[in-house]
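# Fold and geometry: a report
Read off the chains here:
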Amino acid sequence: MLFYSTLLRLAGLLCLSAAYSTLSDDTLKSIPGPGDDFDVKKGSILAPILQTRVSGTPGNAAVLQHFVGFFKTNLPKWNLEFHNSTSTTPTSNGKEIPFVNLIATRDPPGAQVGEVGRLTLVAHYDSKLEPKGFIGATDSAAPCAMLLHTARTLDAALTKKWESIATDGLDELDEQKGVQILLLDGEEAFVSWTATDSLYGSRALAEDWEHSFHPAMSTYRNPLDSISLFVLLDLLGSTGPHVPSYFKTTHWAYKHMANLEHRLRELGEFKSSPNHPSKLAKRKNKKPRDEPRFLVDAEKGDDAFIGGFVEDDHVPFMARGVEILHIIPTPFPKVWHRMTDDAEHLDMDTVEDWTKLVTAFVGEWMELEGFFDFKKEKRKVHEEKTEFGIP
Ligand SMILES: *[C@@H]1O[C@H](CO)[C@@H](O)[C@H](O)[C@H]1NC(C)=O
Ligand SMILES: [Zn+2]
C-alpha cells in the first residue's frame, strides 16, 4: 500500500511540476488591457515611472515608493520585501550608493516557506545616468508597468482558485505554486558596462539568496531554488520587436508564450497587428497583410541554439542554475540608450499587446482558467470610479 501510494505520489508530482494549462478563447478575449492606466501623462501606473530614476537619487526613491503604494492599495495580499545593498560606483568618488530591490510575492494561503515554487517576473526600474535626463521608457519603465498591471489583472483569479482549493479540500498531489515580481535596482552601468559596473541589484540579490537556506528537508533549498522560471522583460515598448528564444532549456516555455501570441493575434486582440479590426476598418484594401510576430523563434530546432545571449539581470541567477526566459528584442530598439527612449516614442499598441501576452502567459502558468470574472470586476471598478467622482 505504502509502496503504491509513494509511486502514485511521485507520478503525480512529476507531471504536476510541469503543469501548465491553456486559457480558453473567451478568457483571452476578455483579458482587460491597461487602458488609461498606461496614459504616459496621467496614467496611474505608467506615468509615475516615466522620470529619471538613477540609483541613489530621489527620482529612484519616488518610483520605488510608487510601486509600494500600488501594491499596498491594489494588491494587499502580496507580501512586500526590500532587498537592500550598497556599492561604490565609478562615479561615486568612494561613496557607497544604496540599491533597493523590491520583491513582491503572492503564495498560496498557508504555504510553508521552502515548499512553494514561484513563477518569477522581473524588470529593472533604475534608469541610466547618461545621457543626462534619460527616461528609459522601454528600459525598463514600460516593462515595470506591464508587471504591475499583470499582477492586478490576475490577483482576484488567484484568490478564487485558492479559495476553491480550500473548500474542495487541498489535494495531496497539488503542488504549491506562487507568483513573484522582482523590481530590480542598479541594472545600468554608471560609466560603461563591466562585470562590476552593472547589475548592482541583481548581483547582490542572487548572492544573498544563494545563502538564505530554507529549513532542512524543504523541497526548495533556498529562494533561488524556489524560482521555477525567471521571466525577464527588458527593452519592450518599441514598434516591431523581434524576440528570439535564447535558451534551449526554456524553449518549451517560450513556445507556450509564442502560441499565446499566435492565438491573441488570431482572435484580433493584438492592437499593433496590421490586421487588427480597427486597422482593417480604416483600410480600403481589406486583404489581410502578413501577420508579424514578436516571438520569432517558435519553430527553432534544438540544434539551432548556439549559445548567444544578451547580458542582463538574469546573469547572476543563471550562473546559479536558475532557468531563464529572457524577453528582450534582438536587435535592440533604435531608441536604446538615447534621449529618444521617452514617453513620446513608446508604441502604446505594442505596450498593450505585450501586457496582454504576459498576463495570458502567467494565467496559463498559474492554471487560472475558470477563475476569472472580468465583467464583474469591470463593474466594480466602474462603481468605485463613480463613487469617487472620477470620470
Ligand atoms: C531598505 O530600503 C528601503 C527603501 O529605502 C527602506 O525603507 C528600508 O527601511 C530599508 N531596509 C533596511 C533593512 O535597511
Ligand atoms: Zn539600459
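Structure report, in brief. (Residues numbered from 1 in each chain as written. Chains lettered and ligands numbered in written order. Predicted model: local features only at pLDDT ≥ 70, side-chain atom pairs only at ≥ 80, totals over all residues. Heavy atoms only, no water.)

## As for the overall build of the protein chain
When you go through the protein chain residue by residue, the secondary structure sums to ten helices and six strands. In the protein chain, which comprises 391 residues, the proportion classed as buried is 50%. Of all intrachain contacts in the protein chain linking residues separated by at least 6 positions in sequence, the fraction that spans at least 24 positions is 77%. Accessible surface for the protein chain amounts to roughly 19000 Å². Of this, 56% is attributable to carbon and sulfur atoms. (Helix = DSSP H or I, 4+ residues; strand = E, 2+ residues; numbered from the N terminus. Buried < 20%, exposed > 50% of the residue type's maximum accessible area, 1.4 Å probe, protein only. Contact = heavy atoms within 4.5 Å. Areas by Shrake-Rupley, 256 points an atom, 1.4 Å probe, with all protein chains shown as cover.)

## A word on the coordination of the zinc ion (ligand 2)
All of the protein donors around the zinc ion (ligand 2) are Asp-139 (OD), Glu-188 (OE), Glu-188 (OE) and His-337 (NE2); their distances to the metal are 2.0 to 2.7 Å. Considering all four donor atoms around the zinc ion (ligand 2), angles at the metal cover 54 to 137 degrees and the coordination shape is irregular. When the donors of the zinc ion (ligand 2) are listed by position in the chain, the intervening gaps give D-x48-E-x148-H. Placement of the pair is Asp-139 in helix 4 (residues 137-168) and His-337 in the loop between strand 6 (324-327) and helix 9 (348-365), with a sequence separation of 198 residues. (Donors = N, O, S within 2.8 Å, 3.2 Å for Na, K, Ca; no water. Tetrahedral: all angles 85-135°; square planar, octahedral: opposite > 155°, others 65-115°.)

## Some details on the nonpolar core
In this structure, Ile-327 and Phe-361 are the most contacted members of the largest nonpolar core, which totals 74 residues. Counting residues per element, this core draws most heavily on helix 4, which supplies 14 residues. Core analysis: the second largest hydrophobic core is formed by 19 residues, Ile-103, Leu-184, Ile-227 and Phe-230 among them. (Core = buried A, V, L, I, M, F, W, Y, C linked by side-chain atoms within 4.5 Å.)

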